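Residue-level listing of the chains:
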Amino acid sequence: MEHSNGGFSEAGLRRLREVLTRHVESGKIPGLVALVGRGDETHVEAIGTMRHDGGAPMRRDTIFRMASTSKPVSIAAAMVLLDECRLRLDDVVDAWLPELADRQVLKRIDGPLDDTVPARRPITVRDVLTSTFGLGMDMTALGTPILNAIFERGLTPNLPVPVPEQDEWMRRLGELPLMHQPGECWQYQISSDLVGVLVSRVTGRSFEEFLRERVFEPLGMTDTGFHVPDDKIDRLPDLYAPDPQTGEFLVWDEAKGGRWNQAPAFQGGGGGLVSTADDYHAYFRMLLNGGMHGGERILSRPAVELMTTNRLTAEQQAARHALAVNSVHVSFGQGQQGGWGLGMAVRTYRGDYASVGQFGWDGGSGTSTYADPAKRLTGILLTQVGYTVPDPARLMNDFWTTLYQAIDD
């Protein structure tokens, strides 16, 4: 009988490789890097090529655009400040983010921008860290005046226009009313970028500098940052956004000379990071270890527990849950975890093969990063295919389905 004392079964890892290979051989996923870790055991698969038409093979050290899987990592900078009492959860943010003082709130989400009431209370640090400060990407409200205004101002990434530097970004954000009262409703994306501005202003340094000093360097995350310099650019694949009708591999971002080849004006915690499977593994393993990396403490245990515990009420996350389960043909089944901590989703019910308490997130560039404290398990799946087609989501689904079957005790 085969076993590997509390890690993965050989048969399970073989099936994992077969399933991943099948996705690459289908022609829908040019290449991928997958890392699975459990205790001290780590297993990596690098399959396929950097380009859809061949080219260099995928390697373990290939650098990927992490997209929204940036969120669970970038939040750590704010947790450091909480640990050091340089931020308090229920402090009003006006001292650091004066652009967000004295807010007006829309009377109705689809109403004109001047049809507002005063905010019932100021925005707090807690509102920003928990994605409930009142503005965000609400996919159920596309086409409304407020979302149109957010797009027109270049306040979210992935638009044809680059996001402006942080003071100008804040100025534009401050021109808008809130969509919801502070603390009322979970909303996506903008808060994750706002966290970076908050950290930068509290520390008087760039968001990247602080993250690098307090998180990336201590963890040995040498390939993680907000852009890929020229001397590493051959390790970054082109990013594809295939045509939803024909499946043709359209290049959304080229590696050389593309968006991630130079330092951005805005260091976006919501989707700006580039990284590797091993760098992300170091981070998630630190979370599983209660904030420790080797003998060094990166975050306090309670900080990690706060990040990785659901803190949303059913009402706060009703809209997100409805989008995930009522629009599976749009979400491809993603986002059904039931909860959110700080910077990441937290599974609150058993909806698939993953345990309750699993935490992490997925990225629109074809990235998926989670850890499971009950199983002491980390999984990192990285591709270069965007969510214009369901293929990366199907690959992720199969990755997690087979990974949980490979557990051997």
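Quick note: structure is the one above.
Now for a quick tour of the structure. These numbers were taken from a predicted model, which means no experiment stands behind them.

Definitions and limits used
Residues numbered from 1 in each chain as written. Predicted model: local features only at pLDDT ≥ 70, side-chain atom pairs only at ≥ 80, totals over all residues. Heavy atoms only, no water. Core = buried A, V, L, I, M, F, W, Y, C linked by side-chain atoms within 4.5 Å. Buried < 20%, exposed > 50% of the residue type's maximum accessible area, 1.4 Å probe, protein only. Contact = heavy atoms within 4.5 Å. Pairing = 2+ DSSP bridges. Helix = DSSP H or I, 4+ residues; strand = E, 2+ residues; numbered from the N terminus. Phe/Tyr/Trp six-rings, centres within 6.5 Å; stacked < 30°, edge-to-face > 60°. Axes fitted to C-alpha atoms, helices over the stretch in contact; angles between N-to-C directions. Expected span 1.5 Å × (residues − 1).

## Remarks on the nonpolar core
So, point 1. Membership of the largest hydrophobic core comes to 108 residues, with the highest contact counts inside it found for Ile-150, Trp-169, Tyr-283, Leu-287 and Leu-299.
So, point 2. Look past the residues within four positions of Trp-169 in its chain and what remains in contact with it is Gly-154, Leu-155, Val-163, Pro-164, Ile-190, Asp-193, Leu-194, Val-197 and Phe-266.
So, point 3. Grouped together as the second largest cluster of nonpolar side chains are seven residues, Ile-63, Ile-233, Ala-255 and Val-274 included.

## Considering the pairing of strand β2 (residues 41-51)
So, point 1. Where strand β1 (residues 31-38) lies against β2, eight bridges are found, and the strand directions are antiparallel. Within β2, the residue paired with Leu-35 across the bridge is Val-44.
So, point 2. The turn joining β1 and β2, which pair antiparallel and follow one another in sequence, is formed by two residues; a positive phi near 60° is taken by Gly-39.
So, point 3. In this structure, β2 lies alongside strand β3 (residues 54-57), joined through two bridges in antiparallel fashion.

## Some remarks on the environment of Arg-172
So, point 1. Along the polypeptide, Arg-172 turns up in helix α6 (residues 166-174).
So, point 2. Assessed through its relative accessible area of 24%, Arg-172 is described here as partly exposed.
So, point 3. Sequence spacing of Arg-172 and Leu-382 is 210 residues, and the spatial spacing of their C-alpha atoms is 33 Å.

## Concerning the packing of aromatic side chains
So, point 1. Applying the stated criterion to the full structure yields 13 aromatic pairs.
So, point 2. Centroid distance Trp-169 to Phe-266: 4.8 Å. Interplanar angle 40°. Geometry classified as tilted. Residue Trp-169 is found in helix α6, and its partner Phe-266 is found in the loop between β8 (251-253) and β9 (274-275); the two are separated by 97 residues along the sequence. Phe-266 shares its class with Trp-169; the two are buried.
So, point 3. Residues Phe-207 and Phe-226 carry aromatic rings whose centres are separated by 5.9 Å and whose planes lie at 40° to one another, so their mutual orientation is tilted. Of this pair, Phe-207 sits in helix α8 (residues 207-219) while Phe-226 sits in the loop between α8 and β7 (239-240), placing them 19 residues apart in sequence.
So, point 4. Each residue in the set Trp-186, Tyr-188, Trp-340 and Trp-361 is aromatic and connected to the rest through ring pairs, giving one cluster.

## Observations concerning the sheet that holds β1
Two modes of strand pairing occur in sheets, parallel and antiparallel, and in both the strands are linked by backbone hydrogen bonds.
So, point 1. Strand order in the open sheet formed by eight strands is β3-β2-β1-β16-β15-β14-β13-β12, and the pairing between neighbours is antiparallel. The open sheet has two edge strands, β3 and β12 (338-340), and neither has a second partner. Averaged over neighbouring strand pairs, the angle between their axes works out to 20° when direction is ignored.
So, point 2. The pairing of β12 with strand β13 (residues 345-347) spans three bridges and is classified as antiparallel. Its bridge partner being in β13, Gly-339 is matched across the sheet by Val-346.

## Topic: the side chain of His-23
So, point 1. Among the secondary structure elements, His-23 is positioned in helix α1 (residues 10-25).
So, point 2. Judged by its relative accessible area of 14%, His-23 falls in the buried class.
So, point 3. Contacts of His-23, omitting those with residues within four sequence positions, involve Lys-28, Ile-29, Arg-394, Leu-395 and Asp-398.

## Some details on helix α7 (residues 190-203)
So, point 1. Compared with an ideal rise of 1.5 Å per residue, which puts 14 residues at 20 Å, α7 spans 20 Å between its outermost C-alpha atoms and is within 8% of the ideal.
So, point 2. Counted residue by residue, α7 has 13 buried out of 14 residues, so it is predominantly covered.
So, point 3. Positive backbone phi, at 70°, marks Gly-204, one or two positions downstream of α7.

## Some points on the side chain of Gln-317
So, point 1. Residue placement: Gln-317 occurs in the loop between α10 (301-307) and α11 (318-326).
So, point 2. Judged by its relative accessible area of 6%, Gln-317 is buried.
So, point 3. Sequence-distant contacts of Gln-317, that is, excluding residues within four places in its chain, are made with Leu-312, Gly-338 and Gly-339.

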